[in-house]
Amino acid sequence: MTEPSKIKILFKWLVFVLGFSIVIYAIIQYGIIGLVNSGFYFVKVFYYKEKLSYIWDTMILIHIIGSSISLLIGPFLFIKKLRRKKVTVHKYLGYTYVAGILIGGISGFYTALYSTGGIISHFGFGILAILWIYTGLMVTYFAIKGEKYLHRAWAIRSYSLTFVAVTLRLWLGLFALIFGGEAYASYYVVISWLCWVPNLIIAWFYTAPLIKMGKIYAK
């Protein structure tokens, strides 16, 4: 096995482990401990005195469920053997993945309107939700058309936004370590963009050759 292949395998395992860890965290934090007892809820309601309705509570839980489904299923869609030898399994996992995106994206757009940090963070998370849904639909579109290069390219772009569930928390941890909890509202505005823009840029350039190949074969 070549060195680049080993690095790719390690990277895929890292993505899976980090994604799986966030799903477990979500189950414990919001399922077992409960939303109203979570640190996230405490910060919004008690620390920043934000008023949240029953609708918000419901939508954030729907968002967490949809995002967790996509975050967990995503890595399995990139397993080469599964794609080639278990086409039907890959197909239905893919539909489930996109369903999770639609559930998480629509509810995420609603909760973006109430994100801490004001209008800038509202736009940051709102645009993220729209792009996340769009990439999921593009994945499905090219899968139905049978254009495998474009399908794969958009799948990578899509998961780069799904993986925001991980990068958001990594950035939050880093900023909290550097600036402390008192500046949360200020750096959360920055993170509302930082958690997804670099992900998408990297995925966009990484998938450029696949897009080029897809366009050639589509002619």
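Before reading on, note that the structure itself is shown above.
Here the structure is a predicted model, which is why all the values come from computation and not from measurement.

(A) Quick look at the side chain of Thr162. Among the secondary structure elements, Thr162 is positioned in helix 7 (residues 148–162). One polar contact links Thr162 to Trp132, side chain to side chain, over a distance of 2.8 Å. In this structure Thr162 touches Ser70, Leu71, Tyr97, Ile101 and Trp132, once residues within four positions along its chain are discounted.

(B) Expanded view of the layout of surface pockets. For the largest pocket, the calculated volume is near 1400 Å³. Forming the boundary of the largest pocket are 35 residues, of which Lys8, Phe11, Lys12, Val15 and Phe78 lie nearest the centre. Those elements giving two or more residues to the lining of the largest pocket turn out to be helix 1 (3–34), helix 4 (80–85), helix 7, helix 8 (164–179), helix 10 (197–206) and helix 11 (208–218). Counted by class, the lining of the largest pocket contains 23 nonpolar, four polar and eight charged residues.

(C) Quick look at the packing of helix 7 against helix 10. At a closest axis distance of 8 Å, the pairing of helix 7 and helix 10 adopts a crossing angle of 165°. Comparing their axes, helix 10 and helix 7 come out roughly antiparallel. When the axes of helix 7 and helix 10 are compared, the crossing they make is right-handed. Here Trp154, Ile156, Arg157, Ser160 and Leu161 of helix 7 lie close against helix 10, whose contacting residues are Asn199, Leu200, Ala203, Trp204 and Tyr206.

(D) The arrangement of helix 3 (residues 54–73) in detail. The end-to-end C-alpha separation of helix 3 is 29 Å, in line with the 28 Å expected for 20 residues at 1.5 Å each. Of the positions making up helix 3, those classed as buried are Trp56, Asp57, Met59, Ile60, Ile64, Gly66, Ser67, Ser68, Ser70, Leu71 and Ile73.

(E) Broad picture of the packing of helix 8 against helix 9 (residues 184–194). Closest axis-to-axis distance for the helix 8/helix 9 pair is 10 Å, and the angle between their directions is 145°. Considering how the two elements wind past one another, helix 8 and helix 9 form a crossing that is right-handed. Contacts between helix 8 and helix 9 involve Leu168, Trp171, Leu172, Phe175, Ala176 and Phe179 from the former and Tyr184, Tyr187, Tyr188, Val190, Ile191 and Leu194 from the latter. Looking at the contact of helix 8 with helix 9, its residues break down into twelve nonpolar, no polar and no charged.

What counts and what doesn't
- Residues numbered from 1 in each chain as written.
- Predicted model: local features only at pLDDT ≥ 70, side-chain atom pairs only at ≥ 80, totals over all residues.
- Heavy atoms only, no water.
- Helix = DSSP H or I, 4+ residues; strand = E, 2+ residues; numbered from the N terminus.
- Polar contact = N/O pair within 3.5 Å; in protein donor to acceptor, adjacent residues only side chain to side chain.
- Contact = heavy atoms within 4.5 Å.
- 1 Å grid on protein atoms, 1.4 Å probe; cavity = no way out; pocket = protein on both sides within 12 Å on 5 of 7 lines; lining within 4 Å.
- Points joined across faces, edges and corners; volume = space filled by probe spheres on them.
- Nonpolar A, V, L, I, M, F, W, Y, C, P; charged D, E, K, R; others polar.
- Axes fitted to C-alpha atoms, helices over the stretch in contact; angles between N-to-C directions.
- Parallel < 35°, antiparallel > 145°, perpendicular 65-115°, else oblique.
- Left-handed = near helix turned anticlockwise from the far one by under 90°.
- Expected span 1.5 Å × (residues − 1).
- Buried < 20%, exposed > 50% of the residue type's maximum accessible area, 1.4 Å probe, protein only.

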